[in-house]
Amino acid sequence: MFICGAFRSVKIYSVPIRYLLMRQLLLVTVLLITSFALAQTKVSGVVNDESGEPVAFANVIFQDSNEGTITNEEGRFYLESDENHKAIWVSFVGYEVNTVELAKRTTYNLTVVLKEEAAALDEVVVYSGKTSKTDNPALDILRKIWENRRENGVKKFDQYAYDKYEKLEFDLNTIDSGLIKSKVFKGMEFIWEQIDTSNITGNSYLPIFINEAFSKVYGDNILNEQKEILEGNKNSGFQNNQSLIAFVKDLYKEYDIYENYLKFFDKAFTSPLSTTGIDVYNYVLLDSAFRDNKWCYNIVYYPRRKNELTFKGDFWVNDSTWAIKEINLQASKSANLNWVREVYIEQEFDVLNDSIFLITRDYFLSDFSFRKKEGARGIYGKRTTLYDNYRFDIEKDKQFYSEQTDPYAYEIYNRPDEFWQERRMEKLSKDETGVYKMLDTLTTIPRFKSLYNIGATLASGYYEVGNIDVGPVFSIFGFNEAEGLRIRLGGRTYFSQNDPWRIEVFGAYGFRDDRFKYGVSGKWLLDRKSRLIVFGGNRRDVEQTGASLTSSNDVLGRNLASSSLISVGANDRLTRINLSTAGFEIEPVKQLIFRLTGSYRTLKSATDTFSLNYFDENGVVQSEIAQPEIELGVFYTPRKKTSGYGVERTIINDGDYPSFYLGYTYGLKDVLGGDFQYTKIQALYSQPWNIGGLGRLWSTVEAGRIFDPVPLGLLSPVPGNQTLFSIYNTFTNLDFYEFVTDTYTSLHLQHNFGGRIFSRIPVLRNLDLREIVGFRAIYGSISEDNIALNASNLVYRAPEDVYWEWSVGVGNIFRIFRIDFNFRGNYLNNPEARQFGVTGEFGFSF
């Protein structure tokens, strides 16, 4: 494989001039979603060199046309056209152009061989595999783009506004006779009438979901504010499922191609326009030509190394403003990405005046599949976003941007056909119109409803029985030293995801202690605009209270450590709790919640080997604590996205936003028999960080203090972890209650390199493993007054010398498992100290 490294004349390659004139579109993949059923010419195959090695990123174009594509890393390609074509041109820098005749309109599994080209020495300098990082005109252009990146688009104006139309579609792909004849689809055979063929991959597909949305967007660069007002939303067969719609939309987050890193599927891909791109990509100046009356340069790029989160493709850039006119990006096949077989992005920009380019079209396609091999079934996800009616310098006050709007109003999801005919920026194709009818009919078929309910149960953990959801099904069985084997069954009211009220109950039975436990809670949304909610409940249960620092009054909340089926050592330091709560919360500003809770609890040991005993004022040992509390909590979660407008909302981008919490608790004595009067302050800050091409870091800082003497059941034990699971925000090598504090500050760091290191090790490169490192530390103290109260069987120890531990792990094993090796840093002489431990975690992630 040969790549052109430096250019010394206008004639880039020694090939006929007619080929040079065509190169401006050799690398542009035709991905506009139109009516594919009319395609007249289809061709697929592989491009090899004379030694039989595949030629990646080769150009394939229909002869005498501007319709083309590029081969993937395995040299494979697929191309189709609505027109009749008799031949294709196949080329790549350093090779002779090969014209291949097409004997029929549909030609599959074609093998094309390219011969090396003997280029004149005064025209090019030839490199093998990689382009030059110094003597390369493409890089000079790239640097001009960096210098002008902030001057393009809406960034040039103080205020801006525009209309936005978005179309989302999901398709089942790689349809074959085996799937069509499957008994799963018995009674639903009519759906196969909508089968079509992708002009990107050549695979057949069946649309299964389509959603349209029309919004008006307003922004202010001075105030650094942006607001999007949804005016209409229409989808096929899922009219009331805003959670599904919001999930699909969040899957395709907004992105800016000028940023150094583009985040998709929770991964940071290096942008071809990144200031670090020179070390990541090869760049070749391919051509220059007029694009919509603007002279532009065409640059092709492709990755320098495999197994990294990179793209291949090309872009056109204006020669004076250095703004991008067109760009397409196709994810590297070898990228360390789970469940995604293909990613393709295409953006187009329009000229407002001599210097300003505005985005007009954004197309995103992904191919999801359990297996990446060709021929495996999967699902296409497509998003087409169109922008129009730009307006500038129309100022709106700050209140406009802070004022909450209701994006889930009934009328938004039930707009008449006339609304869509006026606001669609492109007409639906005949196939897309048919999809609406097909899918709306499909949802009325009982067999489809059954399949849908099974999928919903696996996704939500609840099984629907009328207006009652039974579950969570994943917490039916548990085990601990107090209860032995534990069986739990619960349920909740569920009329729709936007219910203004909800009641939830559970019952549990432990076979060792022969006791029945229960919980009941209710909440009611009084005002939708301010999110004023009242709530209350009661729970009698067995709980591991030493598994978290920041306490919670969630009446039905229960951590994994309370009933893990397998644990390290005896999980016998358990508490019987009877908790009642009542309170209200309000959200006066978006993502800022104030919550006031009154609670009453009784605490006593659940096993004979654990004690919560303390000395009362008279020096008498007491074994049970009765304690009412008033707690004020403030929660701030900027950038959190939710779905729904009922009493409960679904978090769409869980784990993708910072969280701040500040809590003030006042313990009441002699009220309802309360035993202690005290003040407690707690704070928590959690933040995920994308560290460019180095992966993702999670960080959490917690701090707290109890200002008055209290017994063990009301102190702040350092959260240990005696399960075999990797649980974030716990200390894996600590037992429960190994350290007890009344004042603490903790730090948790966990970084996932996303395969950055393993991808450079030949033996591990193809396993798609991911490197994970962690560090955890805590400082804490315990007062003499609290030590004097202690009558339990525990000797209080506090990590006054800062306890710390660290871990290294390997993730993405078989794409679902992670293993961590945990090492204790100090306090090695504590009784039965665990110096080393192995934990794991199952989960699905991209």
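Residues numbered from 1 in each chain as written. Predicted model: local features only at pLDDT ≥ 70, side-chain atom pairs only at ≥ 80, totals over all residues. Heavy atoms only, no water.

Caption draft 1: Expanded view of the overall build of the chain. The number of helices and strands found in the chain is nine helices and 46 strands. Looking at the chain as a whole, 55% of its 846 residues qualify as buried. When contacts within the chain are restricted to residue pairs at least 6 apart in sequence, long-range pairs at least 24 apart make up 65% of them. With an accessible surface of roughly 37,900 Å², the chain has 55% of that area assigned to carbon and sulfur atoms. (Helix = DSSP H or I, 4+ residues; strand = E, 2+ residues; numbered from the N terminus. Buried < 20%, exposed > 50% of the residue type's maximum accessible area, 1.4 Å probe, protein only. Contact = heavy atoms within 4.5 Å. Areas by Shrake-Rupley, 256 points an atom, 1.4 Å probe, with all protein chains shown as cover.)

Caption draft 2: Spotlight on the side chain of Lys680. With respect to the helices, strands and loops of the structure, Lys680 is situated in strand 38 (residues 678-690). This buried residue, Lys680, is left without a salt bridge; Glu629 holds the nearest opposite charge, at 4.7 Å. Beyond its immediate stretch of four places on either side in the chain, Lys680 contacts Ser551, Gly663, Tyr664, Thr665, Arg705 and Ile706. (Lys, Arg positive; Asp, Glu negative; His and termini not counted. Salt bridge = Lys/Arg side-chain N within 4 Å of Asp/Glu carboxyl O.)

Caption draft 3: Highlighting the environment of Phe739. Mapped onto the fold, Phe739 is located in the loop between strand 40 (716-717) and strand 41 (740-741). Phe739 gets classed as buried once you look at its relative accessible area, which sits at 1%. As a C-alpha pair, Phe739 and Pro719 span 20 residues in sequence and 8.4 Å in three-dimensional space. With residues up to four places along the chain from it excluded, the contact list for Phe739 reads Pro717, Val718, Leu734, Arg797, Ala798, Pro799, Tyr803, Tyr827 and Asn830.

Caption draft 4: Representation of the environment of Lys325. On the secondary structure map, Lys325 appears in strand 19 (residues 324-331). Accessibility expressed as a relative area gives 3% for Lys325, which makes it buried. Distance from Lys325 to Phe315, taken between C-alpha atoms, is 7.5 Å for residues ten residues apart in sequence.

Caption draft 5: Focus on the side chain of Asp49. Within the secondary structure, Asp49 sits in strand 2 (residues 41-49). By relative accessible area, which is 14% here, Asp49 ends up buried. Within polar-contact distance, the side chain of Asp49 engages the side chain of Ser51 at 2.7 Å. Apart from residues lying up to four places away in sequence, Asp49 is in contact with Val55, Tyr95, Val113 and Leu114. (Polar contact = N/O pair within 3.5 Å; in protein donor to acceptor, adjacent residues only side chain to side chain.)

Caption draft 6: Quick look at the sheet that holds strand 6 (residues 87-91). Here we have four strands laid out as an open sheet, ordered 4-3-6-7, and antiparallel in their pairing. Of all strands in the sheet, those with a lone pairing partner are strand 4 (68-70) and strand 7 (98-101), marking the two edges. Each adjacent strand pair in this sheet contributes to an overall mean axis angle of 20 degrees, direction not counted. (Pairing = 2+ DSSP bridges. Axes fitted to C-alpha atoms, helices over the stretch in contact; angles between N-to-C directions.)

Caption draft 7: Highlighting the nonpolar core. Membership of the largest hydrophobic core comes to 52 residues, with the highest contact counts inside it found for Leu142, Ile145, Phe264, Phe311, Phe315 and Ile324. With six residues, helix 2 (residues 137-148) is the largest single contributor of residues to this core. When residues no more than four places from it in sequence are discounted, the contact partners of Ile145 are Tyr258, Leu273, Phe315, Val317, Trp322 and Ile324. Judged by nonpolar contacts, the second largest core, of 23 residues, contains Leu612, Leu715, Phe736 and Leu794. (Core = buried A, V, L, I, M, F, W, Y, C linked by side-chain atoms within 4.5 Å.)

Caption draft 8: Local environment of the sheet that holds strand 2. Read from one edge of the open sheet, three strands run 5-2-8, paired in mixed fashion. Because the sheet does not close on itself, it has two edges, and the strands there are strand 5 (76-81) and strand 8 (106-114). Direction aside, the axes of adjacent strands within the sheet are offset by 25 degrees on average. Both strand 2 and strand 5 contribute to a ladder of six bridges, which runs antiparallel.

Caption draft 9: Region of interest: the environment of Gln750. Looking at where Gln750 falls in the secondary structure, it is placed in strand 42 (residues 743-752). When residues no more than four places from it in sequence are discounted, the contact partners of Gln750 are Arg696, Leu697, Trp698, Tyr728, Ile772, Val773, Gly774 and Arg818. Polar side-chain contacts of Gln750 include one of 3.1 Å to the side chain of Arg818.

Caption draft 10: Structural context of the pairing of strand 28 (residues 515-527). One ladder, built from ten bridges, connects strand 27 (residues 501-510) with strand 28; its direction is antiparallel. Paired with Trp501 across the strands is Trp524, a residue of strand 28. Between strand 27 and strand 28, which follow one another and run antiparallel, lie four residues, and Asp514 among them has a positive phi close to 55 degrees. Alignment of strand 28 against strand 29 (residues 532-543), held across nine bridges, turns out to be antiparallel.

Caption draft 11: Geometry of the packing of aromatic side chains. The final tally for this structure, using the stated rule, is 31 aromatic pairs. A centroid spacing of 6.1 Å and a plane angle of 10 degrees characterise the contact between Tyr390 and Phe392, whose relative ring orientation is stacked. In terms of burial, Tyr390 and Phe392 fall into one category: buried. Aromatic pair Phe739 and Tyr827: ring centres 5.0 Å apart, planes at 75 degrees, arrangement edge-to-face. Remark: Tyr827 occurs in the loop between strand 45 (817-824) and strand 46 (836-842) and Phe739 occurs in the loop between strand 40 and strand 41; sequence separation between them is 88 residues. Through pairs of rings, three or more aromatic residues link up here, namely Phe157, Tyr160, Tyr162, Tyr387, Tyr390 and Phe392. (Phe/Tyr/Trp six-rings, centres within 6.5 Å; stacked < 30°, edge-to-face > 60°.)

Caption draft 12: Region of the structure containing helix 2. When the terminal C-alpha atoms of helix 2 are compared, their 17 Å separation across twelve residues agrees well with the 16 Å that a helix rising 1.5 Å per residue should span. All of the buried residues along helix 2 are Ala138, Leu139, Ile141, Leu142, Ile145 and Trp146. Angular distribution of buried residues about the axis of helix 2 spans 155 degrees; they occupy a single face of the element. Among the residues of helix 2, the N-terminal cap falls to Asn136, whose side-chain oxygen and the backbone nitrogen of Ala138 are separated by 3.0 Å. (Expected span 1.5 Å × (residues − 1). Arc of directions from axis to C-beta.)

Caption draft 13: Fine view of the confidence of the model for the chain. Here the chain averages 82 in pLDDT, while 85% of its residues score no lower than 70. Here residues 1-39 is a poorly scored stretch, pLDDT under 50, and it has 152 contacts once near neighbours within four places are set aside; other chains count. (pLDDT = per-residue confidence, 0-100.)

Caption draft 14: A nonpolar patch on the surface, seen in detail. There is a patch of nonpolar side chains on the surface, built from Phe584, Leu596, Ile630, Leu632, Leu662, Tyr664, Ile681 and Phe707 and spanning about 680 Å² of accessible area. For the nonpolar patch, the secondary-structure elements that each account for two or more residues are strand 34 (624-636) and strand 37 (659-667). Position of Leu662 relative to the elements: it lies in strand 37. In this structure Leu662 comes out as partly exposed when scored by relative accessible area, which is 48%. (Patch = residues over 30% accessible without salt bridge, like charges linked within 9 Å, V, L, I, M, F, W, Y side chains within 5 Å.)

Caption draft 15: Region of the structure containing unusual backbone geometry. Residue Gly471 is joined to Pro472 through a cis peptide bond whose omega torsion reads -5 degrees. Relative to the helices and strands, Pro472 is located in the loop between strand 24 (468-470) and strand 25 (477-480). Positive phi, close to 55 degrees, is recorded for Asn109, a residue that is not glycine. Mapped onto the elements, Asn109 comes out in strand 8. Judged by relative accessible area, which is 68%, Asn109 ranks as exposed. One non-glycine residue, Tyr737, adopts positive backbone phi at about 65 degrees. With respect to the helices and strands, Tyr737 occurs in the loop between strand 40 and strand 41.

Caption draft 16: Examining the pattern of salt bridges more closely. This model, assessed by the stated rule, comprises 38 salt bridges. A salt bridge links Arg143 to Asp140, with the shortest nitrogen-to-oxygen separation between them at 3.5 Å. Remark: Asp140 and Arg143 occur in helix 2; sequence separation between them is three residues, near one turn of the helix. With relative accessibility at 46%, the residue Asp140 sits in the partly exposed group. For Glu738, the salt bridge is made with Arg824, and the minimal N-O distance between the two is 2.5 Å.

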